[in-house]
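# Report on the structure
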Amino acid sequence: MLISIVAPCYNEEDVIERFHDRVQQVAEEFLPLGHDMEFVYVDDGSRDRTLGALKRLAEEDSRVRYVSFSRNFGKEAALLAGLRHAAGDSVIVMDADLQHPPELIKRMVDLRDEGYDQVLARRTRTGDGFARTVAARLYYRLINRLVDVELVDGVGDFRLLSRRAVDAVLALTEYNRFSKGLFAWVGFPSTTFEYENAVREHGRSSWSLRSLLNYGLDGLISFNNRPLRAALYLGLGLLLCAGVYTAWIVVAALVNGVETPGYVTIITAVNALAGVQMIMIAVIGEYIGRIYYEVKGRPHFLVKATNAERTKDLIR
Ligand code: UDP
Ligand code: MG
């Protein structure tokens with residue numbers, strides 16, 4: 001059986017060599033069991049010397065395949081490229097920053113042998129700030145109400161996929177990719193195990209608060225049209241409130257005679273409604289924006305250098 005390790009790398013020059021050392025040690029352990037391993041590293045347009053390091057690794061180790069993007073296309077694109085280039089019967093997706101302990105690979109493969117198509121590693125939130133932990137909890141509670149696939153807090157991209165699960169994910173060709181959701185969407189028998197989160201050793205996480213927020217919104221919107229449905233209900237609710245309030249004003253006017261206060265009420269109502277309408281338009285706009293990107297049909301990434309034969313032919 002061939003096991004592929006897929007790792008997206010963005011500015012990981014400090015760790016990539018150690019990462020390869022560690023996974024390659026795991027590979028040694030697998031050899032006696034008759035499992036071969038290959039390593040697919042995707043350089044997501046790094047601005048440091050990650051590509052040089054990958055080339056060196058590929059020279060030393062013929063099982064290393066690297067794909068380097070023409071610019072930074074984002075982790076989702078890097079994952080997709082990695083999956084496309086992986087030939088294994090099982091594919092393990094993990095971060096190159098050693099936050100996903102390579103020692104867990106053994107456990108994943110064992111679970112795979114029990115017949116699961118997806119083995120998900122769920123991290124504890126050790127080392128995360130309090131605010132981030134709370135925000136994540138709230139987010140998952142909210143998003144699971146809104147989307148129709150089950151997303152679990154702490155389950156990220158560290159997972160093993162069987163060949164048929166990989167093929168299923170690759171068949172989803174959408175441009176706006178939210179892998180957490182895509183993996184959940186393809187389904188198949190899945191199992192989860194927990195591991196202690198490792199704090200990043202080198203470099204910095206490339207997630208800023210803003211990118212996290214945007215990622216969260218992507219997850220919310222890229223899965224179904226429930227936000228639109230929510231807009232419908234909100235509109236109906238507002239209409240109902242307006243009806244009740246109007247009735248109340250009319251009755252009050254009939255009972256007490258006509259007065260003309262209500263300046264504050266009017267301003268408040270106008271502003272609130274304008275705000276709500278803008279949000280609704282923005283929600284619609286989000287969907288249209290996605291349609292716009294989908295219909296353009298651009299490639300998910302462009303390759304600048306690789307040692308993968310198939311892709312080499314494509315870029316020449
Ligand atoms: N990554 C990538 N492209 C990007 C950002 C990150 O390929 O634009 C890779 C990065 O090299 C790492 C993984 O995705 O292997 C996770 O990134 P990071 O550690 O920054 O995120 P976190 O662990 O905080 O979720
Ligand atoms: Mg990380």
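Now for a look at the structure at hand.

Cut-offs and rules
- Residues numbered from 1 in each chain as written.
- Chains lettered and ligands numbered in written order.
- Predicted model: local features only at pLDDT ≥ 70, side-chain atom pairs only at ≥ 80, totals over all residues.
- Heavy atoms only, no water.
- Donors = N, O, S within 2.8 Å, 3.2 Å for Na, K, Ca; no water.
- Buried < 20%, exposed > 50% of the residue type's maximum accessible area, 1.4 Å probe, protein only.
- Helix = DSSP H or I, 4+ residues; strand = E, 2+ residues; numbered from the N terminus.
- Pairing = 2+ DSSP bridges.
- Axes fitted to C-alpha atoms, helices over the stretch in contact; angles between N-to-C directions.
- Parallel < 35°, antiparallel > 145°, perpendicular 65-115°, else oblique.
- Left-handed = near helix turned anticlockwise from the far one by under 90°.
- Contact = heavy atoms within 4.5 Å.
- Nonpolar A, V, L, I, M, F, W, Y, C, P; charged D, E, K, R; others polar.
- Salt bridge = Lys/Arg side-chain N within 4 Å of Asp/Glu carboxyl O.
- Expected span 1.5 Å × (residues − 1).
- Arc of directions from axis to C-beta.
- Core = buried A, V, L, I, M, F, W, Y, C linked by side-chain atoms within 4.5 Å.
- Phe/Tyr/Trp six-rings, centres within 6.5 Å; stacked < 30°, edge-to-face > 60°.

On to the coordination of the magnesium ion (ligand 2), then. The coordination sphere of the magnesium ion (ligand 2), as far as protein atoms go, consists of Asp97 (OD) and Gln99 (OE1), spread over 1.9 Å. The same class applies to Asp97 as to Gln99, namely buried.

Right, let's get into the pairing of strand 5 (residues 118-123). Taken residue by residue, a regular strand's side chains alternate between the two faces of the sheet. Among the 6 residues of strand 5, 5 are classified as buried, and the element is accordingly described as predominantly covered. As judged from the 4 bridges shared by strand 5 and strand 6 (residues 155-162), these two strands associate in the antiparallel manner. Paired with Gln118 across the bridge in strand 6 is Leu161. Pairing of strand 5 with strand 7 (residues 190-195) involves 6 bridges; the strand directions are parallel. The residue bridging Leu120 from the neighbouring strand is Thr192, located in strand 7.

Packing of helix 5 (residues 130-146) against helix 8 (residues 209-221) brings their axes to within 10 Å, and their N-to-C directions diverge by 15°. With respect to helix 8, the element helix 5 is oriented roughly parallel. Note that helix 5 runs across helix 8; the crossing there is right-handed. Only Leu212, Tyr215, Gly216, Gly219 and Leu220 of helix 8 make contact with helix 5, whose side of the interface consists of Arg132, Tyr139, Ile143 and Leu146. Partitioning the contact of helix 5 with helix 8 into residue classes produces 6 nonpolar, 2 polar and 1 charged.

Moving on, we come to the pattern of salt bridges. Counting across every chain of the model gives 12 salt bridges. Ionic pairing is found between Asp61 and Arg63, a salt bridge with its closest N-O pair at 3.0 Å. Classification of Asp61 by relative accessible area gives buried; the value is 10%. As a salt-bridge pair, Asp157 and Lys75 come within 3.0 Å of each other at their nearest N and O atoms. Residue Asp157 is found in strand 6, and its partner Lys75 is found in helix 3 (residues 75-85); the two are separated by 82 residues along the sequence. Among the residues examined, Lys75 registers a relative accessible area of 30% and is labelled partly exposed. Salt bridges sharing common partners tie together Lys75, Asp95 and Asp157.

Once that is clear, we can look at helix 8. Three or four residues apart is the spacing at which side chains of an α-helix point the same way, because the helix has 3.6 residues per turn. For helix 8, with 13 residues, the first-to-last C-alpha span of 18 Å sits near the 18 Å given by 1.5 Å per residue. Residues Tyr215, Gly216, Gly219, Leu220 and Ile221 constitute the buried set of helix 8. Looking at the packing, one finds that the buried side of helix 8 touches helix 3, helix 5, helix 7 (179-186), helix 9 (226-256) and helix 10 (263-296).

Taken residue by residue, helix 6 (residues 163-171) has Ala165, Val166 and Val169 as its buried positions. Projected down its long axis, helix 6 shows its buried positions confined to an angular sector of 100°, all on one face. On its buried face, helix 6 sits against helix 3, strand 4 (90-93), strand 5, strand 6 and helix 7.

One broad rule of soluble globular proteins: the nonpolar side chains tend to lie buried together. Core analysis: the largest hydrophobic core is formed by 37 residues, its most contacted members being Ile5, Phe19, Met37, Tyr41, Ile92 and Ile105. When residues of this core are assigned to their parent elements, the largest contribution, 6 residues, is made by helix 1 (residues 16-30). Beyond its immediate chain neighbours, meaning those up to four positions away, Met37 contacts Leu2, Ile3, Ile5, Val23, Val26, Ala27, Phe30, Arg63 and Ile105.

This next bit is on the packing of aromatic side chains. We describe a pair of aromatic rings using the distance from one ring centre to the other and the angle between the two ring planes. Inspection of the entire model under this criterion finds 9 aromatic pairs. A centroid spacing of 5.9 Å and a plane angle of 70° characterise the contact between Phe19 and Tyr41, whose relative ring orientation is edge-to-face. Separated by 22 residues along the polypeptide, Phe19 in helix 1 and Tyr41 in strand 2 (residues 36-43) bring together distant segments of the chain. For the pair formed by Phe19 and Tyr41, the shared burial category is buried. Relative to Tyr41, the ring of Phe39 lies with its centre 6.3 Å away and its plane at 25°, an arrangement referred to as stacked. Across the pair, exposure class does not vary: Phe39 and Tyr41 are buried alike. One aromatic cluster is present, formed by Phe19, Phe39 and Tyr41 through successive ring pairs.

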